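Structure assessment
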Amino acid sequence: MSDSYLIKGVSVVGGKPTDLLVRDGVVAEVGPGLRAAGAAVVDGDGLVALPGLVDLHTHLREPGREDAETVESGSRAAALGGYTAVCAMANTSPVADTAGVVEQVWRLGREAGLVDVQPIGAVTVGLAGEHLAELGAMADSTATVRMFSDDGHCVADPRLMRRALEYVKAFGGVIAQHAEEPRLTEGAQMHEGEVSTRLGLTGWPAVAEEAIIARDVLLAEHVGSRLHVCHTSTAGSVAVLRHAKARGVAVTAEVTPHHLLLTDELVGGGPAGGPYDPVYKVNPPLRTAADVAALRAALAEGVIDAVATDHAPHAVEDKECEWAYARPGMLGLETALSVVLDVLGPEWDLIAERMSRTPARIAGLAEHGHDPAPGRPATFTLVDPAARRRVEPSELASRSRNTPYAGLELPGRIVATFLRGEPTVLDGKAVR
Ligand SMILES: NC(=O)N[C@@H](CC(=O)O)C(=O)O
């Protein structure tokens, strides 16, 4: 590997073509007509450089379900998707609810060396929603955890949620809530609406999400702490968030690529399969076209702060079975940028904001989320916006195959990704 790279004629976040010189891990120079003896030259013609993408919500499955994903395979998928940092969710086995487990995940991330893996700690012991986990010990560990989540489960007990919000104030932490009132979603299989009625599946009503977000923004305001809302999926949730932000509550929210593109109609049959194809089963469920429109508008406006993948790999036996028995979740890392490009168009500054700068800020990842500029870490990705790709599950780097975009043609291709000056992806291929 070379220790310096000269990227010729690249557009930095949609600006005029220029050259980028990468040396000693940083962006050494930016400007037209650069020369650098000994540097490996990358043709940037037609490419857009974005700050390395940051995912606030990734399931890496290690420890426990290494058949579905490992820290290394998930890191490779992330790098191929243009990511330079991912926040690893705590619902592993064992659960990441102690300093020992978060340090293990952090170390595995370092060893893989393809993206920065920032572990998220569980809020409650074993995700059981009964006792607070060792939040302080996880914060003090080498993994320096700042974000905590029981994702996959809601912290349903309001007293526990209040205490968690209070506790993390001491070290500037944030609670990322999986907003789902469990009493309203017992036995739920898909979004509650016209399609669930037609298909005869038990519904997951929008209000089960909205009621928890409303409660939690009030709790966050009451205790003066930070709340982050995972995978926002309904128009009503957007309304609650808009209200809370207008009041000055310290709340941020994410939306997944799939909730920006797909609807509950697909459960009745879609390009990747169906009817009742579990590839479309996800939590929260795919919603209606009206919800999709509200989420897109909220993302553009900033009521929703970030795109997060909720990359949820599942082994074949957990997905290719009867709908009711299938695990919820979809792959996301390798297709996120393409889906967002499809949804937002080439709005590069907005894409950089929602997929890199803001998520880096929310997660407290100071080295990430910076546009390539002199003196900044050379941590960025190069996108070919003119390329179109057909999603082929067998070509994905993830160990799992549960992509809802199989066979779909999407815009954009990640050509290269750099992490602190080292390429993790070149010519569209992982370097390791
Ligand atoms: N988002 C999903 O559909 N699945 C998540 C957890 C969850 O939120 O249920 C998973 O870990 O598989």
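Per an unreviewed UniProt entry, the protein carries the name Dihydroorotase and comes from Plantactinospora siamensis. Under the heading Pathway (unreviewed entry), UniProt records this for the protein: "Pyrimidine metabolism; UMP biosynthesis via de novo pathway; (S)-dihydroorotate from bicarbonate: step 3/3." Entered under Function (unreviewed entry) in the UniProt record, the comment concerning the protein runs "Catalyzes the reversible cyclization of carbamoyl aspartate to dihydroorotate."

**Structural notes on the pairing of strand β14 (residues 251–255)**
Extensive coverage of β14 is indicated by the burial of five of its five residues. Sheet topology places β14 next to strand β15 (residues 306–307); two bridges connect them, and they run parallel. By the bridge assignment, Glu254 is partnered in β15 with Ala306.

**Remarks on the UniProt feature "binding site: Zn(2+) 1" (unreviewed entry) in the protein**
Cross-referencing UniProt, the feature "binding site: Zn(2+) 1" (unreviewed entry) maps to His57, His59, Asp151 and Asp310 in the present numbering. Across 254 residues in sequence, these annotated residues keep their C-alpha atoms within 9.8 Å of one another, forming a single compact spot. When only the residues just named are considered, the largest pocket is lined by His59, Asp151 and Asp310. Take His59: it is sitting in the loop between β6 (53–58) and α1 (71–80). Here Asn91 takes part through its side chain, which lies 2.8 Å from a polar atom of the side chain of His59. Take Asp151: it is sitting in the loop between β9 (147–148) and α4 (158–168). With near-sequence residues (within four places) excluded, Asp151 lies in contact with His57, His59, Met89, Asn91, His178, Cys230, His231 and Asp310. A polar contact of 2.9 Å, which involves the side chain of Asp151, links it to the side chain of His57.

**Brief notes about the layout of surface pockets**
Computed from the structure, the largest pocket encloses a volume of approximately 500 Å³. Lining the largest pocket are 25 residues, and of these Arg61, Asn91, Gly152, His314 and Pro328 lie nearest its centre. Here the lining of the largest pocket is composed, by residue class, of seven nonpolar, 12 polar and six charged.

**Considering the side chain of Thr417**
Looking at the secondary structure, you find Thr417 in strand β17 (residues 409–419). On the basis of relative accessible area, Thr417 is assigned to the buried category, the value being 0%. Engagement of the side chain of Thr417 in a polar contact is seen with the side chain of Thr381, the distance being 3.2 Å. Beyond its immediate chain neighbours, meaning those up to four positions away, Thr417 contacts Ala79, Gly82, Tyr83, Thr84, Phe380, Thr381, Glu422, Pro423, Thr424 and Val425.

**Quick word on the domain arrangement of the protein**
For the protein, the assigned domains read domain 1 (4–48 + 374–430) and domain 2 (51–363). Distance between the C-alpha centres of domain 1 and domain 2: 26 Å. Of the residues lining the interface, 35 residues belong to domain 1; the matching set on domain 2 comes to 49 residues. A combined buried area of about 3200 Å² lies between domain 1 and domain 2, and 66% of that area is made up of carbon and sulfur atoms.

**Some details on the sheet that holds β15**
Taken in spatial order, the five strands line up as β9-β10-β13-β14-β15 in an open sheet, and their pairing is parallel. Of all the strands in the sheet, the pair left with one neighbour each is β9 and β15. In terms of strand pairing, β9 meets strand β10 (residues 174–177) through two bridges, oriented parallel. What sits directly across from Met147, in β10, is Val174.

**What to know about the sheet that holds β6**
The parallel open sheet is built from three strands, whose spatial order is β6-β7-β8. Looking at strand neighbours, the two that pair on one side only are β6 and β8 (116–119), the edges of this open sheet. Strand-to-strand twist in this sheet, taken as the mean axis angle between neighbours without regard to direction, amounts to 20 degrees. In this structure, strand β7 (residues 83–88) lies alongside β8, joined through four bridges in parallel fashion. Bridge pairing in β8 places Val86 opposite Val117.

**Considerations on the UniProt feature "domain: Dihydroorotase catalytic" (unreviewed entry) in the protein**
Feature annotation in UniProt assigns "domain: Dihydroorotase catalytic" (unreviewed entry) to the following positions: residues 48–234. Within residues 48–234, the helical portion is 35% and the strand portion 18%, while the C-alpha atoms at the span's ends are 32 Å from each other.

**Here we look at the packing of helix α7 (residues 235–246) against helix α9 (residues 289–301)**
Running from N to C, α7 and α9 point in directions that differ by 30 degrees, and their axes come no closer than 8 Å. Classified by the angle their axes make, α7 and α9 are roughly parallel. Where α7 abuts α9, its residues Ala235, Val238 and Arg242 lie against Asp291, Ala294, Leu295, Ala298 and Glu301. Per-class residue counts for the contact of α7 with α9 are five nonpolar, no polar and three charged.

**Quick look at the packing of aromatic side chains**
A complete count under the given rule lists four aromatic pairs for this structure. A centroid spacing of 6.4 Å and a plane angle of 70 degrees characterise the contact between Tyr167 and Phe171, whose relative ring orientation is edge-to-face. An aromatic cluster is built from Tyr5, Phe380 and Phe418, whose rings are joined through pairwise contacts. One residue, Arg287, lies across the ring of Trp204, its end atom 4.5 Å from the ring centre.

**Here's the deal with the side chain of Thr232**
Considering the arrangement of structural elements, one finds Thr232 in the loop between β13 (227–229) and α7. When residues no more than four places from it in sequence are discounted, the contact partners of Thr232 are Glu209, Ser237, Leu241, Ala253, Glu254, Val255, His259, Leu295 and Ile304.

**As for the packing of α1 against helix α2 (residues 99–112)**
For the pair α1 and α2, interaxial distance at closest approach is 9 Å and the crossing angle is 55 degrees. One element, α1, and the other, α2, form an angle in the oblique class. Crossing geometry of α1 relative to α2 is assigned as right-handed. Of the residues in α2, those touching α1 at Val71, Glu72 and Ser75 are Val105, Leu108, Gly109 and Ala112. Here the residues of the contact of α1 with α2 are counted per class, giving four nonpolar, two polar and one charged.

Definitions and cut-offs
Residues numbered from 1 in each chain as written. Predicted model: local features only at pLDDT ≥ 70, side-chain atom pairs only at ≥ 80, totals over all residues. Heavy atoms only, no water. UniProt positions renumbered as here; feature names shortened; annotations may be inferred. Buried < 20%, exposed > 50% of the residue type's maximum accessible area, 1.4 Å probe, protein only. Helix = DSSP H or I, 4+ residues; strand = E, 2+ residues; numbered from the N terminus. Pairing = 2+ DSSP bridges. 1 Å grid on protein atoms, 1.4 Å probe; cavity = no way out; pocket = protein on both sides within 12 Å on 5 of 7 lines; lining within 4 Å. Polar contact = N/O pair within 3.5 Å; in protein donor to acceptor, adjacent residues only side chain to side chain. Contact = heavy atoms within 4.5 Å. Points joined across faces, edges and corners; volume = space filled by probe spheres on them. Nonpolar A, V, L, I, M, F, W, Y, C, P; charged D, E, K, R; others polar. Domains from an automatic or database assignment. Buried area = accessible area lost by both parts, 1.4 Å probe. Axes fitted to C-alpha atoms, helices over the stretch in contact; angles between N-to-C directions. Parallel < 35°, antiparallel > 145°, perpendicular 65-115°, else oblique. Phe/Tyr/Trp six-rings, centres within 6.5 Å; stacked < 30°, edge-to-face > 60°. Lys NZ or Arg CZ within 6 Å of the ring centre and 35° of its normal. Left-handed = near helix turned anticlockwise from the far one by under 90°.

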